Structures are given as C-alpha cells and as structure tokens.
There are 2 protein chains.
Amino acid sequence: MNTKKIVARNYRGTRDWLGSEVYLRQKVINTLREVFEEFGFEPLETPEIELQEVLLGKYGPEGDELSYYFKKGDDWLGLRYDHTVPLARVVAQHEKELIFPYKRYAIGPVFRADKPQAGRYRRFIQCDFDIVGVAEPIADAEVVALTYTALRRLGFDKFEIQLNDRRVLNGIAKASGADTKELTLTFLRSWDKLEKVNREQISRELKEKGASPELISRFFKVTDQLLNLEKENIIEELRQLFPDQPEVAQGLAVLEKMLDYIEDFGVPSQFYRVNPCLARGLDYYTGPIFETVIKEAGIGSITGGGRYDNLIAALGGPSLPATGSSFGLERIISVMQTLGITKPQKTLTQVFVAIFDPDSPTSVKKAIQIASALRQEGIKTELSMEKGSIGRQLRIADRRGIPVAVFAGPKEVKKGTVIVKDLATPFTGEKKNIWANQWEIPEEDLLKKVKELLD
Amino acid sequence: MNTKKIVARNYRGTRDWLGSEVYLRQKVINTLREVFEEFGFEPLETPEIELQEVLLGKYGPEGDELSYYFKKGDDWLGLRYDHTVPLARVVAQHEKELIFPYKRYAIGPVFRADKPQAGRYRRFIQCDFDIVGVAEPIADAEVVALTYTALRRLGFDKFEIQLNDRRVLNGIAKASGADTKELTLTFLRSWDKLEKVNREQISRELKEKGASPELISRFFKVTDQLLNLEKENIIEELRQLFPDQPEVAQGLAVLEKMLDYIEDFGVPSQFYRVNPCLARGLDYYTGPIFETVIKEAGIGSITGGGRYDNLIAALGGPSLPATGSSFGLERIISVMQTLGITKPQKTLTQVFVAIFDPDSPTSVKKAIQIASALRQEGIKTELSMEKGSIGRQLRIADRRGIPVAVFAGPKEVKKGTVIVKDLATPFTGEKKNIWANQWEIPEEDLLKKVKELLD
C-alpha cells in the first residue's frame, strides 16, 4: 500500500455531497422518479463508460474537446457527456426487446471537462425523460405537462415554461433576410441571448458574420415585433406577420396543437407561453423546443429539451422521431435554496440512544436493546458509540440535530424505566441546557412517548 | 455531427439495465437505504472521478492494474475502484465538518478492468456502510446486526454471517508453525479457499512457498481441528486449543463480546457463527472480519467487510479506527432471482389510456383528460401515443404488462361513460382475447373501478 502522505482533495469541478445535502438530492430525485413513473415512463440505467466510437463526434468539436476519453487495454473509452447518445445506442442495440413508443427516464451523472464555475460542475446529475417513436405534438405536450407536474410537486409555484419551434425560428430568420445557413444560425443565436447581452454586441457579431447594415436593422425591426407580441393571441399574430413562410406555418400549426393539448393536460395558463425568441443551443432540434425559466432565481433555465427527429438515426439507430427534456439536479436544488422552497434538514435520524456508562456491560446491553426495539418499529435510531460521559454523548446528539434522546442508568434499569429527552425544543437563555426537558417513563411506554415527541 | 454508421454496443463488462431490471435494482437499493437510515447512518455521495494520486497504490499492484487511469488537460485522473478510499479522502478533507463517530453509507458504481465473466462486471454498484471513530466491538456487532436486518428485509430467510478475527487467524498460523510473513499469508489464504479447491492443490502451494512436509502435515492437522469445532462452544474450544498465543486470546475476547452484543441486537443464532477458517482477501483488515454465505445459491459471499483501523491514516487521513461492510447489488439480485425471492415485474405502470380514434381531436383530448385525472390521483398512467387502431393500442398495453386499460369512444363521450378493461386476468383458450373483460361505467366511477381492479 502506498502510504505517502498526500493532501486530500477532489478533482477540480467535482465535489462531495455530505449527509444533509444528499437527503435533499435524494428527495428531489425521488420526486422526479415518482412523476416520471406516474406518467408511464420506465427507468433506463446505462454505464458511465461508453466505447469512444459511440460518443466521438456526436456533440461537435466542442463536445469532443470537453469529453473524457481514455484507453484501457485494447479499448478506447469515454465517459458519457449526456443521456441522449446512450439512449440512441440503447434504442439501436435493444430495438427488438423494446416496445415502441419507448418512454424512458434516466437519472445519473454525466461528465464534461468544462471550466468550473460557481454552480457549474464537471460531474453533475442529469434527469432526462424522452419519448421515442412518436411524431405527433401530443408527445411534446406531454413533455411540457410532465415538466409542469414535476416542478409543482417539487414546490415551485412561479415559473414559466417557454415554448417555440425550430421551424418557426428558421422561417422568421428567412423572412428577415438571412439567406445563408450561417446567417440563419447567427440570427437564432442572437435571439436566444437577447436577455443576456446588449444590442451593440449582437450588432457587432452580425456584422462579423457578413450581415449588411440594412440586414442588421431589419433584424432588430423583426426582433422588436417579436418582443411586442401579446401572449394571448401570439399564434395568430405570428401568422399575420409572416404569411408567406411555409416553415413558420408548419411550426405554428404544431405549437397551436401543443397549446391546446397542454390545456387538456391541466396545466394552468400562467405557467407556459410561446416565446418566439427561444432558440436553444443544440443543433439537433427539429421541431418544438422548450425550457423553464424562473426570473426570480437569477439563473438560466432549470429544464430544457425539444424534439430531435433525426438524431437517433444519425447516431446509428433506427429512424425514429423523438422528443424529451432534462432536469439539472444541481441547478434545481440551487434554485430551491435561493427561493427558500426547501429548508436544510441536518439529519434524518429521529432518536439517539445514549449509553449511560460505556464501561458497564449491562449499560451497553440495555442501550443496544432499546435501539433495536426502536428500529424494529421503523424509528431511525442512532446507537451512541462515543466512549465519553452521558453529557458528552448528548451534546453529540444535539450537534447532529437529532430531536430525541433516550437512555437508562442502573437506577432506571432496576425500575424498568427509561429517560426520554426532547432535544428539538429550544430553550430560553443563551446556551442550550442539555439537562432540561426530560421525562422518566416506564420502558413499555417508550415508543408512544417517542412518537409523541416526533410529531 | 459524425453520422458514420457504427454497430451499437456496450463496452465489454458493462451492460444496460432496462425497465423491469431497474425496478428491481431500485427496490433493493431503497430497502438498503431504508435500513442504513434506520440504523442512523447518513448518506455520502462522492464523484466517480478522483485524482490519480488519491487512488494510486492504495489497492496494491493488482488494484492499479485493474484501475482506469487517464489524463485530461493537466490533471491525472482515475475512476474509483471502491468506496473505501473515497471515504478515507472525505474523512481527511472534511474532518472539521464531520461529527465523529461518523457513520456513513455510500451507494454507487465502482470500476474495475477485471476479466468479464458471467455475473462479474467492470462497472457494478457497491452499497457500503462504515463506522469511523469507534474501536470497540459494539461497532462491529452493529455492522453484523445491520447486515442481518437488511438481508431479512430483502426477503432472505436462510443465510449465514460468518465471523472471524484477523488476530485469531494470525495467532493460529503462528501456533501452527508459520514463522514468516509470507507463510502466514499463505496459511490464511489456504484456509480461506478450503471449500473451493482440493487439499492436494493447497499442499502443492504450501510447498512452493517453502513449507516443509512436516509443516504441511501440521497445517492440515490444525485445519481438521478447526473444522471439527462445535459452533456452540467455539470460543472456549479455540482458547483451549491455542492457549499460548496472545493474538488468539485478544481476537477471541473481541469475538466473544461481539457474539454477546449480536444477541442483544436481536439476531437469531442460526444466522451467524464464528468460522475460524474465514480470512477474506484484502490485506488491510486488522480485527473482526465478516461475510455472508448462502450455500443454496452456489455463489460466493453476498456481503463482506471487517475492521480496518490503520487504513484511514495510511490513506492520508487522520488516525481513526474504522469498521464496515459492503453489499454487492448485482450479486444480491442474482441470488434473489436464483432463490425465487423476487418475481420479475414487467412494468410499474397501472393504467393504459387508449385513444379511441387517434385522428379525431375530440378523442385525443378525452384521452388526455382521463390520463391527467388518473395521474392526479397518483395512478401510474401511460397515455397511448400509438397512431394505430384501438386493438393495436390494447395489444401494446398487454405486451407491456399493464393490468388495466381505459378508453372512451364518441358514443361513450356522449353518454359520459368510459370503458374499463381488465388485462391482467388470464383467459381460457389458446390466445388472449383482447376484447373480453370490459365494463362500461359512468366516468365519475372511474377511479373507484380502477382501484378495485388494481387491488
């Protein structure tokens, strides 16, 4: 064993999640899992390691740059960058076992060697759900409805799911005079970041890509028209603004159906709207796109996705339409904390069983028996293993945030009683009095008393 | 995007876990998590990627050989090989935040470039729990008690937790004449594999390591004595057999206390026994060791662990005693399936809402509304998205194993009724009749009827 002393540290851009942080992560994951399953999605678990040939070139040069690739033995390998390419591989590889439409969810870590920043990690948990094999807008509407249900279940009461369609965007770019693929993309990207950068910068970028002053002024004229549309009648207004673009018409027809279905799914209208400036980064989207914004949170989107009808075939799979979206676990939790939706919970442990005298075998045995009896009733119980005095043990329980402590000294053992202590109720005065708030009760009443204190 | 067609495949030694397999994995993980928390252990999540300097040399040359190491940018990295070295790093790194004794559990993938075999993967899930900071046997006894509780909760009713102590083994080896470190290790390894290989082979190996014929015959004499010990009185018998070995005496005193505590924890005596031949592979154990064997399963151990008082300091952490054990998820599930403890469940989805006429907007909207109403009641509901006939849709529901289907045609919509269908009850005759077992009921009675069928 190599026993050279090293400074213990994480790889930059990754971190450890300790006790109470994991409770919160698990709570969010369980809620998402619950909603995914309520909507009939089934789980899929793929390995973090994929063959390099499966990943390479799927995310463009930037994605390859940010990917972890390595060789072991004769195999060229990589760590997954998202759950979408593994999904495409699974669909290709297990096509005969799967029953289509295939609705699956995937929750697990993905890896990107991005520049670490506050809240941006190189290893983070993505929670994806996708519907493979359905081309109709009902699937996209269900993706939006699930997003709404999950966010509400998590406790969010103010958010906006923004909807758009790539074809609408492409058509508007064309109608605005973008006549090359590069200019179209630049228009889309400019609309997408309107809220983040100022117009001068956008103007400069358009110029760099070869846009004439006339084209730039046309771009901003259209942009202002888009920004001034009324939410209530937006589909109709867009139709009137761009009457001659078949792509716009096609995308709007789909958005219109989606809006109709989303209403049937029971999503209240204040939680979603068409935003004709929404573009989303990834090139592979082909139809509806969506992302969730919480203005108060001062952070980008907390969910995002869209339709990608060509991706599975492009990744070597069968030609199947697909749509889906993704929740970023770390981002969701960060917003929940910012908005005060969740309160930190120090521990899940409910009862601390102290050992009156750690040097007395009778005392140790009694404590073991009490702890075992509580655990058998499903009470989360920590058995003290600190060799110090009872006071020292109780202070540990208190520091851990455990609400109830139990112990029995020789006097109590003789009488068949136990001491139950309320550590959760605050005391008056400067310092918490560790000796207050305790009751001696018959041992057979222990469970009743503990439940009463926990309620 | 790289669109070169490739054969979709996994990295050898890894695999995908689809729907019903993940349900089972989740069920086992949830049960373990529940028991860990009932025993007051808190969760710890560490990244799969560690700096290479944290991992390198910690598992001996064989471990390094089996580890995935790679470079990204300026960083030398590796994938974790187990949860123990990350635990040691966390204890060193977060010593000031943690309250000791630190009882943590960790559930997640570990990676070993081992030779893939049936049931042995290069990426598999380990579920570890450890107590850091307690030197007393009460901690080892609690590890055994937790193991018992978890296996019972999972449905196992016949297993044996075998206990031993490294010091007992070392002392017996010495008493048997093993006078070098190498011979001692060879003796330990030979005892450990007594059940797997024949005596001739062991004899040959001992000879290769330099044991004389007399020493070999003494080894087997002692071995036969160990194998003939009575379970009931084993501590006393071992004391009498090896009266002059202080290490044996020390180890036996600890085992005796453990046995006493294990009884107090309420573990019935048929579920554990001292096995003086148990050695366990890893070199870092310093005291009690334990593993769980199920003879009927024809597989090795399903849990294993022990005390490792020097490891955390050796790994660069503070000098803290520690003990713990590990459940191998894939192995546990494989044994559960072999023993018939668990039945495969095709889907968790409870209701399939079919669309009477996918081309009629009213029909689609009705189905969406029915599905949403059921989901709001927590019923796991798949909304059909297949464009085919109602018969085709119902056959999909049936293939998926969904027990109940619901739909409403224009006639029913007019009357305010729905059709509910029992797909779970088998029919007589060769082929399942997809049109049998259905009832037309008022829409307001839907939830009641569905619940009745699901019970």
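Note that this is a predicted model, so its numbers are computed, not measured.

Asker: Got a minute to help me understand the environment of A:Glu38 in this structure?
Answerer: Along the chain, the position of A:Glu38 falls in helix 1 (residues 19-38). Judged by relative accessible area, A:Glu38 falls into the buried class, the value being 5%. For the pair formed by A:Glu38 and A:Glu412, sequence separation is 374 residues and the distance between their alpha carbons is 51 Å. With near-sequence residues (within four places) excluded, A:Glu38 lies in contact with A:Arg153, B:Arg375, B:Gly378, B:Ile379, B:Lys380 and B:Thr381. There is a polar contact of 2.8 Å between the side chain of A:Glu38 and the side chain of A:Arg153.

Asker: Before we go on, may I ask you to explain the interface of chain A and chain B in this structure?
Answerer: By convention, interface size is frequently given as the accessible area that disappears when the constituent parts associate. Each side of the interface is counted separately: chain A has 103 residues, and chain B has 103 residues. For the pair chain A and chain B, the number of links is 18 salt bridges. If you look at where chain A meets chain B, you find 41 residue pairs in polar contact (both at pLDDT 80 or more). For the side of chain A that touches chain B, the leading source of residues is helix 1 of chain A, giving eight residues. Its residues assigned to classes, the side of chain A that touches chain B shows 50 nonpolar, 19 polar and 34 charged.

Asker: I'm lost on the pairing of strand 10 (residues 301-307) of chain B in this one. Help?
Answerer: In the case of a regular strand, side chains alternate between the two sheet surfaces. All names here are of chain B. Counting buried residues in strand 10 gives seven out of seven residues, a clear majority hidden from the surface. Pairing between strand 10 and strand 11 (residues 322-328): five bridges, direction antiparallel. Within strand 11, the residue paired with Arg307 across the bridge is Thr323.

Asker: Help me understand the sheet that holds strand 15 (residues 417-422) of chain A, please; the structure alone is not making it clear to me.
Answerer: For sheets, the rule is that strands pair by backbone hydrogen bonds, running either parallel or antiparallel. All names here are of chain A. The sheet built from five strands is open, its strands ordered 13-12-14-15-16 with mixed pairing. At either end of the open sheet lies a strand with only one pairing partner, and these are strand 13 (381-383) and strand 16 (438-442). Put simply, the sheet's adjacent strands are angled 25° from each other on average, direction ignored. Both strand 12 (residues 351-353) and strand 14 (residues 404-407) contribute to a ladder of three bridges, which runs parallel. When the sheet's bridge partners are listed, Val351 is paired in strand 14 with Val404. Here helix 14 (residues 361-376) sits on the sheet and contacts strand 12, strand 13, strand 14 and strand 15; the angle it forms with strand 13, its principal contact strand, is near 165°.

Asker: Looking at this model, I keep getting lost on the nonpolar core. Mind explaining?
Answerer: One broad trend across soluble globular proteins is that nonpolar side chains are buried collectively. Counting 264 residues, the largest nonpolar core has A:Phe156, A:Trp191, A:Phe327, B:Phe156, B:Leu163, B:Trp191 and B:Phe327 as the members making the most contacts within it. Per-element tally for this core: the top contributor is helix 5 (residues 137-154) of chain A, with 11 residues.

Asker: Help me understand the pattern of salt bridges, please; the structure alone is not making it clear to me.
Answerer: Note on pairing: side chains with opposite charge can pair once their charged atoms come close. Applying the stated rule across the entire model yields 72 salt bridges over all chains. Residues A:Asp16 and B:Arg89 are paired through a salt bridge, measuring 2.8 Å at the closest nitrogen-oxygen approach. You can see A:Asp16 sitting in the segment before helix 1 and its partner B:Arg89 sitting in helix 4 (residues 84-93), one on each of two chains. On the basis of relative accessibility, which here comes to 2%, the residue B:Arg89 falls in the buried class. B:Asp224 is the salt-bridge partner of B:Arg199, the closest N and O atoms lying 3.0 Å from each other. Of the two residues, B:Arg199 is situated in helix 8 (residues 199-208) and B:Asp224 in helix 9 (residues 213-227); the sequence distance between them amounts to 25 residues. Salt bridges sharing common partners tie together A:Arg25, A:Arg123, A:Glu330, B:Glu45, B:Glu48 and B:Arg80.

Asker: What is the right way to read the packing of aromatic side chains from this model?
Answerer: Each aromatic ring pair is summarised here by two numbers: the centre-to-centre distance and the angle between the ring planes. Scanning all chains against the criterion turns up 37 aromatic pairs over all chains. Aromatic side chains A:Tyr68 and B:Phe70 sit 6.3 Å apart centroid to centroid with 70° between the ring planes, which places their arrangement in the edge-to-face category. Highlighted residues: A:Tyr68 in the loop between helix 3 (60-66) and strand 3 (69-72) and B:Phe70 in strand 3 (residues 69-72), drawn from two different chains. Within the aromatic cluster, the residues linked to one another by ring pairs are A:Tyr11, A:Tyr68, A:Phe70, B:Tyr11, B:Tyr68 and B:Phe70. Here A:Arg15 stacks its cationic end above the ring of A:Trp17, 3.8 Å away from the centre of that ring. Directly above the aromatic system of A:Trp17 lies the positively charged group of A:Arg25, at a separation of 4.0 Å from the ring centroid.

Asker: Looking at this model, I keep getting lost on the packing of helix 5 of chain A against helix 11 (residues 246-264) of chain A. Mind explaining?
Answerer: When two helices pack together, their arrangement is given by the angle between their axes and by how far apart the axes lie. All names here are of chain A. For the pair helix 5 and helix 11, interaxial distance at closest approach is 9 Å and the crossing angle is 50°. When the axis of helix 5 is compared with that of helix 11, the two are oblique. Once helix 5 is placed against helix 11, the crossing between them reads as right-handed. Here Pro137, Ile138, Asp140, Ala141 and Val144 of helix 5 come into contact with helix 11, specifically with Val254, Lys257, Met258, Tyr261 and Ile262. In terms of residue class, the contact of helix 5 with helix 11 is made up of eight nonpolar, no polar and two charged.

Asker: How should the relation of the copies chain A and chain B be read in this particular structure?
Answerer: Note: a rotation about an axis with an accompanying shift along it relates these two copies of the chain. Between chain A and chain B, the superposition needs a rotation of 180° and an axial shift of 0.0 Å, giving an RMSD of 0.0 Å. Put plainly, the chains are arranged around a two-fold axis. Residues of chain A ranked by C-alpha distance from the rotation axis are headed by A:Phe70, positioned 2.9 Å from it. Mapped onto chain B, 100% of the interface residues of chain A again fall at the interface, so both copies present the same surface.

Procedures and definitions
Residues numbered from 1 in each chain as written. Chains lettered and ligands numbered in written order. Predicted model: local features only at pLDDT ≥ 70, side-chain atom pairs only at ≥ 80, totals over all residues. Heavy atoms only, no water. Helix = DSSP H or I, 4+ residues; strand = E, 2+ residues; numbered from the N terminus. Buried < 20%, exposed > 50% of the residue type's maximum accessible area, 1.4 Å probe, protein only. Contact = heavy atoms within 4.5 Å. Polar contact = N/O pair within 3.5 Å; in protein donor to acceptor, adjacent residues only side chain to side chain. Salt bridge = Lys/Arg side-chain N within 4 Å of Asp/Glu carboxyl O. Nonpolar A, V, L, I, M, F, W, Y, C, P; charged D, E, K, R; others polar. Pairing = 2+ DSSP bridges. Axes fitted to C-alpha atoms, helices over the stretch in contact; angles between N-to-C directions. Core = buried A, V, L, I, M, F, W, Y, C linked by side-chain atoms within 4.5 Å. Phe/Tyr/Trp six-rings, centres within 6.5 Å; stacked < 30°, edge-to-face > 60°. Lys NZ or Arg CZ within 6 Å of the ring centre and 35° of its normal. Parallel < 35°, antiparallel > 145°, perpendicular 65-115°, else oblique. Left-handed = near helix turned anticlockwise from the far one by under 90°. Least-squares fit on C-alpha atoms with pLDDT ≥ 70 in both.

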